[in-house]
Amino acid sequence: MDMSFTPEETAFRDDIRAFLKAELDPALARKVRLHHDLTKAEMEGWHAKLQSRGWLAGNWPKEFGGAGWTAIQRHIFEEESARAHAPRIVPFGIAMLGPVLQKFGSKEQQDHWLPRILNGDDWWCQGYSEPGAGSDLASLRCEAVRDGDHYVVNGQKTWTTLGQHANMIFCLVRTNATGKKQEGISFLLIDMETPGVTVRPIVLLDGTAEVNEVWFDNVRVPAANLVGEENQGWTYAKYLLTHERTNIAGVGFATAALDNLKRVAKAQRHRGQPLSDDPLFAAEMAGVEIELMAMSTTNLRMLSAAAQGQAPGIESSMLKIKGTQIRQRLDALTRRAYGGQAMALTLEGNEGPEGADEALAASATWLNNRKLSIYGGSNEVQRSIISGALAKG
Ligand SMILES: Cc1cc2nc3c(=O)[nH]c(=O)nc-3n(C[C@H](O)[C@H](O)[C@H](O)COP(=O)(O)OP(=O)(O)OC[C@H]3O[C@@H](n4cnc5c(N)ncnc54)[C@H](O)[C@@H]3O)c2cc1C
């Protein structure tokens, strides 16, 4: 197995770096680094810049207007973007719905929705989870009843990320309540401006509201918005989840967080010395750096296997657990490095001395990133997947 980049891949990386240097506004990169909420316009603006280079949908085949990158190229792009603190590509249209429509959507659906994702005409969000249907997703109850050439939808979705900006939501809905629970689910595209849709923000620990509840009260959805066949939605839902779990290790984000931690530890003083010289703190930083290097190698090993056509097995669950643990440790160390300066929760009314906003951002990031080990399949569930696979042999 060869894990070094080819000359073409190295040239590709240089191209990405040059683009980021030329196009990424330093003020925007600072906001991303400090974990401040980006406005809708900022996220859309970054999408548009990427799209002007044909790089917005690295994961889509060229026939659908994507870049058709290999898994290694996507990894390089994600790593360089994270290190430069570029905004994340909002995943719901590009990384989740796009691949589902390409595989299971009708020609009409592909022709209508895919270009709109690339152009930024629609902002999609994901309506999977419900109260009582998260890890056990197939227990979902939000129902869609056929009425002529429409479905009538009633029920609730929760944890809908960035739903406040969205005009479209892809939903799993129950179209049959008898039989095995997985067999009565359908995949429906719903216009959020339809009468009967209500979006309510959920305020998180760090004071922001990036997730929402979405309510449907007799919402009429054209039957043409059903993807694939009625009651076959579970198959499409699972296919989407394999795409949701790409870049699961988050090596680029962890590397950026480690670089930041080293910078902070060097600047902070402890008993008159740089904190980075404190043997206990230095040992903790070294420990997490070693873990990150090991994870990065496992990640490259997986990408190399994927490039040779092998499907990822339990490695993706391993990477989900390790990647999130490493980032949460890095967040905790950064917050510790700031000590008392990081105590306040929000910036509001805290116009402190130079650098105070960075210390507060460390706290906000630490709080916000509790989510990493929950979404995309909680770490406990990943452990069950690993132990189940090992028990089978
Ligand atoms: C910040 C954030 C953003 C999200 N964004 C979206 C979104 O945009 N769209 C969307 O549809 N969903 C979204 N989710 C939902 C996310 O996918 C669920 O939170 C996740 O699947 C866990 O489900 P739950 O919250 O219902 O917890 P539960 O499933 O109720 O789990 C509670 C606890 O029990 C554990 N547990 C559950 N089952 C098992 C088991 N079999 N074995 C061992 N332990 C178990 C879990 O690990 C967890 O610790 C988001 C969640 C968060 C936190």
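What counts, and at which threshold
Residues numbered from 1 in each chain as written. Predicted model: local features only at pLDDT ≥ 70, side-chain atom pairs only at ≥ 80, totals over all residues. Heavy atoms only, no water. Helix = DSSP H or I, 4+ residues; strand = E, 2+ residues; numbered from the N terminus. Buried < 20%, exposed > 50% of the residue type's maximum accessible area, 1.4 Å probe, protein only. Contact = heavy atoms within 4.5 Å. Areas by Shrake-Rupley, 256 points an atom, 1.4 Å probe, with all protein chains shown as cover. Lys, Arg positive; Asp, Glu negative; His and termini not counted. Charge placed at Lys NZ, Arg CZ, Asp CG, Glu CD. Expected span 1.5 Å × (residues − 1). 1 Å grid on protein atoms, 1.4 Å probe; cavity = no way out; pocket = protein on both sides within 12 Å on 5 of 7 lines; lining within 4 Å. Points joined across faces, edges and corners; volume = space filled by probe spheres on them. Nonpolar A, V, L, I, M, F, W, Y, C, P; charged D, E, K, R; others polar. Core = buried A, V, L, I, M, F, W, Y, C linked by side-chain atoms within 4.5 Å. Polar contact = N/O pair within 3.5 Å; in protein donor to acceptor, adjacent residues only side chain to side chain. Axes fitted to C-alpha atoms, helices over the stretch in contact; angles between N-to-C directions. Parallel < 35°, antiparallel > 145°, perpendicular 65-115°, else oblique. Left-handed = near helix turned anticlockwise from the far one by under 90°. Near = heavy atom within 4 Å. Salt bridge = Lys/Arg side-chain N within 4 Å of Asp/Glu carboxyl O. UniProt positions renumbered as here; feature names shortened; annotations may be inferred. Phe/Tyr/Trp six-rings, centres within 6.5 Å; stacked < 30°, edge-to-face > 60°. Lys NZ or Arg CZ within 6 Å of the ring centre and 35° of its normal. Disulfide = S-S within 2.5 Å.

A. Structural view of the overall build of the chain. The helix and strand inventory of the chain stands at 12 helices and 10 strands. When the backbone C-alpha atoms are referred to their principal axes, the chain occupies close to 75 × 50 × 50 Å. Residue burial in the chain is summarised as follows: out of 393 residues, 46% are buried. Long-range contacts, defined as pairs at least 24 residues apart, comprise 72% of the intrachain contacts of the chain with a sequence gap of at least 6. Working note: accessible area of the chain is about 19,300 Å², and carbon and sulfur atoms make up 53% of it. One finds the centroid of the 42 positive side-chain charges in the chain at a distance of 5 Å from the centroid of its 47 negative side-chain charges.

B. Quick look at helix 11 (residues 356-368). The terminal C-alpha atoms of helix 11 lie 18 Å apart, and with 13 residues this matches the ideal 18 Å at 1.5 Å per residue to within 8%. All of the buried residues along helix 11 are Ala 356, Glu 358, Ala 359, Leu 360, Ala 361, Ala 362, Ser 363, Ala 364, Thr 365, Leu 367 and Asn 368. Each element contacted by the buried residues of helix 11 is listed here: helix 2 (26-33), helix 8 (251-267) and helix 10 (315-338).

C. How the structure looks around the layout of surface pockets. For the second largest pocket, the calculated volume is near 230 Å³. Lining the second largest pocket are 17 residues, and of these His 47, Ile 117, Gly 120, Asp 122 and Trp 123 lie nearest its centre. When residues of the lining of the second largest pocket are assigned to their parent elements, the largest contribution, five residues, is made by helix 3 (residues 40-52). Looking at the lining of the second largest pocket, its residues break down into 10 nonpolar, five polar and two charged.

D. Geometry of the nonpolar core. In this structure, Val 153, Phe 170, Phe 187, Leu 189 and Phe 216 are the most contacted members of the largest nonpolar core, which totals 73 residues. What Val 153 contacts, discounting residues up to four positions off in sequence, is Cys 142, Glu 143, Ala 144, Val 173, Leu 188, Ile 190, Phe 216, Asp 217, Asn 218, Val 219 and Val 221.

E. Fine view of helix 10. Spanning 24 residues, helix 10 covers 35 Å between terminal C-alpha atoms, matching the ideal 34 Å at 1.5 Å per step. In the stretch just after helix 10, Gly 339 is the one whose phi turns positive, near 55°.

F. View of the environment of Gln 109. Tracing the backbone through its elements, the reader meets Gln 109 in helix 6 (residues 107-119). Among the polar contacts listed, one links the side chain of Gln 109 to the backbone oxygen of Ala 224, at a separation of 3.0 Å.

G. Representation of unusual backbone geometry. Its identity as a non-glycine residue notwithstanding, His 35 has a phi of 65°, on the positive side. Looking at the element boundaries, His 35 is found in the loop between helix 2 and helix 3. In this structure His 35 comes out as partly exposed when scored by relative accessible area, which is 30%. Of note, the phi angle at His 85 is positive, near 60°, even though the residue is not glycine. Examined against the element boundaries, His 85 turns out to sit in the loop between helix 4 (71-83) and helix 5 (91-104).

H. Region of the structure containing the packing of helix 9 (residues 279-307) against helix 10. The N-to-C vectors of helix 9 and helix 10 enclose an angle of 155°; their axes lie 10 Å apart at closest approach. Viewed along their axes, helix 9 and helix 10 adopt a mutual orientation that is roughly antiparallel. The crossing of helix 9 and helix 10 is left-handed. Of the residues in helix 10, those touching helix 9 at Phe 281, Glu 284, Met 285, Gly 287, Val 288, Glu 291, Leu 292, Met 295, Thr 298, Asn 299 and Met 302 are Glu 315, Ser 316, Met 318, Leu 319, Lys 322, Gly 323, Ile 326, Arg 329, Leu 330, Leu 333, Arg 336 and Ala 337.

I. Main features of the site of the ligand. The environment of the ligand is made up of 17 residues, and the closest members are Ser 135, Trp 159, Thr 161, Ser 378 and Glu 380. Interatomic distance of 2.6 Å between a side-chain N/O atom of Thr 161 and a nitrogen atom of the ligand. With respect to the ligand, the side chain of Glu 380 contributes an N or O atom lying 2.7 Å from an oxygen atom. Protein contacts shield 64% of the accessible area of the ligand, which totals 970 Å² for the unbound molecule. In terms of residue count, helix 12 (residues 379-392) provides more of the shell around the ligand than any other element does, three residues in total.

J. A look at the side chain of Glu 79. When you line up the elements, Glu 79 lands in helix 4. Buried charged residue Glu 79 carries no salt bridge. Nearest counter-charge: Arg 83, at 4.7 Å. In this structure Glu 79 touches Val 251, Gly 252 and Thr 255, once residues within four positions along its chain are discounted.

K. Inspection of the UniProt feature "domain: Acyl-CoA dehydrogenase/oxidase N-terminal" (unreviewed entry) in the chain at higher detail. The residues that UniProt annotates with the feature "domain: Acyl-CoA dehydrogenase/oxidase N-terminal" (unreviewed entry) are residues 6-121. Secondary structure within residues 6-121 divides into 67% helix and 0% strand; the distance between the first and last C-alpha atoms comes to 37 Å.

L. Just the packing of aromatic side chains, in detail. Evaluated as defined, the whole model comprises 11 aromatic pairs. Aromatic pair Trp 69 and Phe 77: ring centres 5.1 Å apart, planes at 45°, arrangement tilted. In this structure, Trp 69 and Phe 77 share a single accessibility class: buried. Lying over the aromatic face of Tyr 151, Arg 146 brings its terminal NZ or CZ to 5.3 Å of the ring centre. The ring of Trp 366 carries Arg 370 above its face, with NZ or CZ at 5.4 Å from the centroid.

M. Here's a closer look at the state of the cysteines. What the rule picks out here adds up to zero disulfides. Unpaired in this structure, Cys 125 has its nearest cysteine sulfur neighbour in Cys 171, at a distance of 7.4 Å. No disulfide involves Cys 142; its sulfur sits 5.9 Å from the nearest other cysteine sulfur, which is in Cys 171.

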